[in-house]
Amino acid sequence: MSQIQIVPMDERHLPALAEIERACFHAPWSENALREELGKGLFLVAEDENQTVCGYVGCQTVLDEGYITNVAVSHDFRRQGIGRLLIQTLTERAQQAQLAFVTLEVRASNDPAIALYTAAGYEPVGRRKNFYRAPTEDAILMTLQLRDAT
Ligand SMILES: CC(C)(COP(=O)(O)OP(=O)(O)OC[C@H]1O[C@@H](n2cnc3c(N)ncnc32)[C@H](O)[C@@H]1OP(=O)(O)O)[C@@H](O)C(=O)NCCC(=O)NCCS
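An account of the accompanying structure is given in this report. Predicted model, so just to flag it, every value in this text is computed and none were measured. (Residues numbered from 1 in each chain as written. Predicted model: local features only at pLDDT ≥ 70, side-chain atom pairs only at ≥ 80, totals over all residues. Heavy atoms only, no water.)

Topic: the site of the ligand
By nearness alone, 19 residues border the ligand, and V73, R79, G83, R84 and N110 come closest of all. A distance of 2.8 Å separates a nitrogen atom of the ligand from a polar atom in the backbone of V71. Within the backbone of R84, a nitrogen or oxygen atom sits 2.8 Å from an oxygen atom of the ligand. At the level of elements, β4 (65–73), α3 (82–96), β5 (101–107) and α4 (111–119) are the ones that each hand at least two residues to the shell around the ligand. If you tally residues by element for the shell around the ligand, the top one is α4, at five residues. (Near = heavy atom within 4 Å. Polar contact = N/O pair within 3.5 Å; in protein donor to acceptor, adjacent residues only side chain to side chain. Helix = DSSP H or I, 4+ residues; strand = E, 2+ residues; numbered from the N terminus.)

Printed below as a string of structure tokens:
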């Protein structure tokens, strides 16, 4: 892996993030939708030594609950451990923020992402029937418990 830094999402990242969203997802977040998250929750960006955006993870928070809304690594930077580093860093920040758990949805056929989340300690806790469109597919709901429910 080249020299990768994980930094908070900033205005300067937005065009690159929107481009990766369009490359990866059927319903991509626009630059404006990403901008709405600036300064809120936990949106982290991986950039290399040239400040090229390699990937990102976005997590909204409500009280002590985290909900991962976006995870992607740019095609040219995959399989170098950047997704793992983003999820690990998000977990550390979520612990520091005293979140009770972090949850997410993933397409049932998305083996790379499911493997990434499983290795990071996420467990399947449910299934949302026909949650995704184009193609229609179930979502697997996965959760990482950070502290015991009180
Ligand atoms: C899922 C994604 C973020 C993984 O990013 P990445 O930087 O390539 O992942 P890493 O190199 O950190 O891999 C970490 C682990 O994830 C799993 N993994 C990642 N890519 C994989 C693949 N193509 N096949 C199988 N397992 C994979 C492996 O367990 C891997 O560990 P290993 O390299 O020791 O085997 C990336 O493939 C991506 O952006 N996909 C498109 C967008 C997407 O589907 N996002 C998730 C939406 S819920």
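Section: the sheet that holds strand β1 (residues 5–8)
With respect to topology, seven strands assemble into an open sheet ordered β1-β2-β3-β4-β5-β7-β6, the strand pairing being mixed. Edge strands, defined here as strands with exactly one partner in the open sheet, are β1 and β6 (123–132). Strand-to-strand, the axes of this sheet are offset by a mean angle of 25°, without reference to chain direction. Bridge analysis of β1 against strand β2 (residues 42–47) gives four bridges, and the strand direction is antiparallel. (Pairing = 2+ DSSP bridges. Axes fitted to C-alpha atoms, helices over the stretch in contact; angles between N-to-C directions.)

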